[in-house]
Amino acid sequence: MNVHHAPNPVGTARPAEPTGSPAHAPAPLPRVRAEVDLAAVRDNVRALRGLARGGAGVMAVVKADAYGHGMLPCARAARRAGADWLATATPEEALAVRAAGDTGPLLCWLWTPGGPWAEALAADIDVSVGGAWALREVIGAVHAAGRPARVQLKADTGLGRGGCAPADWPALVTAARAAEAEGLLRVTGVWSHLACADEPGHPSIPPQLEAFRVALAEAERAGLRPEVRHLANSPAALTLPGTHYDLIRPGLAVYGLSPAPELGLPREHGLRPAMTLRAALAGVKRVPGGHGVGYGHHYVTPGETTLALVPAGYADGVPRHASGAGPVLVAGKWRTIAGRVAMDQFVVDLGGDPAEPGDEAVLFGPGDDGEPTAEDWARACGTIGYEIVTRIGARVPRIHLNDD
Ligand SMILES: *Cc1c(COP(=O)(O)O)cnc(C)c1O
């Protein structure tokens with residue numbers, strides 16, 4: 001354990017059961033909260049370690065506040081379960097991991113000119129370099145950092161996003177090797193990212209693998225001897241063992257979601273969704289038939305019924321695209337959002353079933369207790385599970401359970 005979560009440094013408190021409450025009387029449910037089961041995060045990391053081919057390690061991606069799950073507790077849980085590496089997108093995220101006490105291997109890749117290179121090098125963070133400008137900036141920061149840089153060179157093997165284009169790669173590896181020979185840096189890794197690993201059999205996959213082989217061979221020819229070569233995001237980690245190299249680099253799977261319905265359910269990969277999003281009903285009332293509901297009256301009650309008010313809206317990350325579509329477990333049944341999602345709240349029609357203010361609404365979770373899953377929400381909103389969990393708003397407290 002080397003990440004410390006400031007409010008809970010020894011990892012023993014149970015936020016869900018404040019001291020002073022009798023164990024049999026659960027604390028009242030706050031307006032809305034995201035419970036994150038850290039035992040699931042640990043089990044998912046262990047499952048990923050188990051499926052990594054040929055002794056490949058695991059680089060757990062904790063960017064974007066661990067896909068909305070809370071970066072520092074998830075980083076610590078991942079390390080405890082044996083994640084060899086952690087990775088973030090931005091240097092600010094990586095510096096926050098270091099500030100919390102983590103000392104293990106750590107990579108960040110999303111740099112812009114003038115970024116905090118010297119701070120990152122001084123904090124022993126591996127930095128990704130995907131172009132000549134970035135290599136110049138790293139070399140420029142070495143003196144201020146007071147130590148050689150640890151650099152991972154990123155090749156664009158066909159994603160067409162970050163990374164060095166094949167035409168520029170030979171010059172980049174040559175320049176990096178020259179800087180290494182001068183003692184300015186060490187090239188610790190060579191890596192790339194897949195475009196379509198979540199689409200089984202996609203024709204872009206074999207050419208990307210071949211482009212990666214070529215990029216590795218050119219790095220080798222330039223005299224580089226990287227410690228780690230890595231390519232596999234979650235879908236590749238789960239379904240393409242030929243991409244595993246020295247490390248798999250999963251994000252979503254760490255949090256227990258499947259990257260795409262075509263790749264199967266989480267449990268088919270030994271994964272368990274870590275997040276459950278719950279709310280307390282803010283009101284329940286009887287209304288007559290023909291009653292408009294919410295902005296624009298896009299829902300009109302078909303008859304006399306009971307409406308329940310769920311105090312979570314798009315400010316909390318409930319997509320407005322879930323209007324008239326998002327599933328919610330209330331009073332023992334799946335309900336569908338009635339009318340539009342507003343900034344802070346939405347309504348469900350209970351069809352005359354009774355409920356009380358304060359009763360629980362479960363928007364999504366692992367699905368074990370009949371609640372919808374993040375994948376159900378993704379389908380209802382025309383998006384992906386990644387976006388459903390990652391966009392949960394800053395206003396929603398994350399309650400970390402099982403931080404053992
Ligand atoms: C986000 C990201 C990952 C993790 O992707 P998942 O599909 O969530 O596993 C890996 N590598 C890079 C470069 C990323 O941006």
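This text follows the structure it describes.
Note that the structure is predicted; figures quoted are calculated from it, not measured.

A. Broad picture of the site of the ligand. The ligand sits among 15 residues. The nearest are Lys-63, Tyr-67, Ser-234, Gly-251 and Tyr-386. Interatomic distance of 2.7 Å between a side-chain N/O atom of Lys-63 and an oxygen atom of the ligand. Here an oxygen atom of the ligand and a backbone polar atom of Leu-252 are 2.8 Å apart. For the ligand, the protein covers 94% of the area, taking 390 Å² as the surface of the free molecule. Taken together, the elements giving at least two residues each to the shell around the ligand come down to helix H2 (63-67) and helix H9 (234-239). Classifying every residue of the shell around the ligand gives eight nonpolar, four polar and three charged.

B. Seen up close, the pairing of strand S2 (residues 57-61). The buried count for S2 comes to five of five residues, which makes it a mostly enclosed element. A two-sided burial pattern is seen for S2, the buried positions comprising Gly-57, Met-59 and Val-61 on one face and Val-58 and Ala-60 on the other. Two strands pair when backbone bridges link them, and S2 and strand S3 (residues 85-88) are joined in this way by three bridges, in the parallel orientation. Bridge pairing in S3 links Ala-60 to Leu-86.

C. Molecular detail of the pattern of salt bridges. By the definition in use, this model includes 27 salt bridges. For Asp-316, the salt bridge goes to Arg-31, with nearest N and O atoms at 3.1 Å. Taken together, the residues Asp-316 in the loop between strand S14 (305-310) and strand S15 (327-330) and Arg-31 in the segment before strand S1 (32-37) connect sequence positions 285 residues apart. Judged by its relative accessible area of 2%, Asp-316 is buried. The salt bridge involving Asp-403 is made with Arg-76; its shortest N-O contact spans 2.4 Å. Here the residue Asp-403 occupies a position in the segment after strand S19 (398-401), and Arg-76 occupies one in helix H3 (residues 71-80), the gap between them amounting to 327 residues. For the residue pair Asp-403 and Arg-76, the accessibility class agrees, reading buried in each case.

D. Structural view of the sheet that holds strand S4 (residues 106-108). One closed barrel holds the eight strands; their spatial order is S2-S3-S4-S5-S6-S7-S8-S9, and the pairing between them is parallel. Of the pairings in the sheet, the one linking S2 to strand S9 (residues 247-248) comprises two bridges and is parallel in character. Following the sheet pairing, Val-58 is matched in S9 by Ile-248. In the packing of helix H4 (residues 91-99) onto the sheet, the strands contacted are S3 and S4, and the crossing angle to S4 comes to about 160°. Helix-sheet contacts for helix H7 (residues 169-181) involve strand S5 (126-129), strand S6 (149-154) and strand S7 (185-191), and the interaxial angle to S7 is about 150°.

E. Expanded view of the packing of aromatic side chains. Applying the stated criterion to the full structure yields six aromatic pairs. Between Tyr-67 and Tyr-255 the ring centres are 5.1 Å apart and the planes differ by 35°, which places this aromatic pair in the tilted class. Taken together, the positions of Tyr-67 in helix H2 and Tyr-255 in the loop between S9 and strand S10 (275-280) put the pair 188 residues apart, joining distant regions of the chain. Exposure remark for Tyr-67: the relative accessible area of 7% places this residue in the buried category. An aromatic cluster is present here, built from Tyr-67, Tyr-255 and Tyr-386 joined pairwise through their rings.

Procedures and definitions
- Residues numbered from 1 in each chain as written.
- Predicted model: local features only at pLDDT ≥ 70, side-chain atom pairs only at ≥ 80, totals over all residues.
- Heavy atoms only, no water.
- Near = heavy atom within 4 Å.
- Polar contact = N/O pair within 3.5 Å; in protein donor to acceptor, adjacent residues only side chain to side chain.
- Areas by Shrake-Rupley, 256 points an atom, 1.4 Å probe, with all protein chains shown as cover.
- Helix = DSSP H or I, 4+ residues; strand = E, 2+ residues; numbered from the N terminus.
- Nonpolar A, V, L, I, M, F, W, Y, C, P; charged D, E, K, R; others polar.
- Buried < 20%, exposed > 50% of the residue type's maximum accessible area, 1.4 Å probe, protein only.
- Pairing = 2+ DSSP bridges.
- Salt bridge = Lys/Arg side-chain N within 4 Å of Asp/Glu carboxyl O.
- Contact = heavy atoms within 4.5 Å.
- Axes fitted to C-alpha atoms, helices over the stretch in contact; angles between N-to-C directions.
- Phe/Tyr/Trp six-rings, centres within 6.5 Å; stacked < 30°, edge-to-face > 60°.

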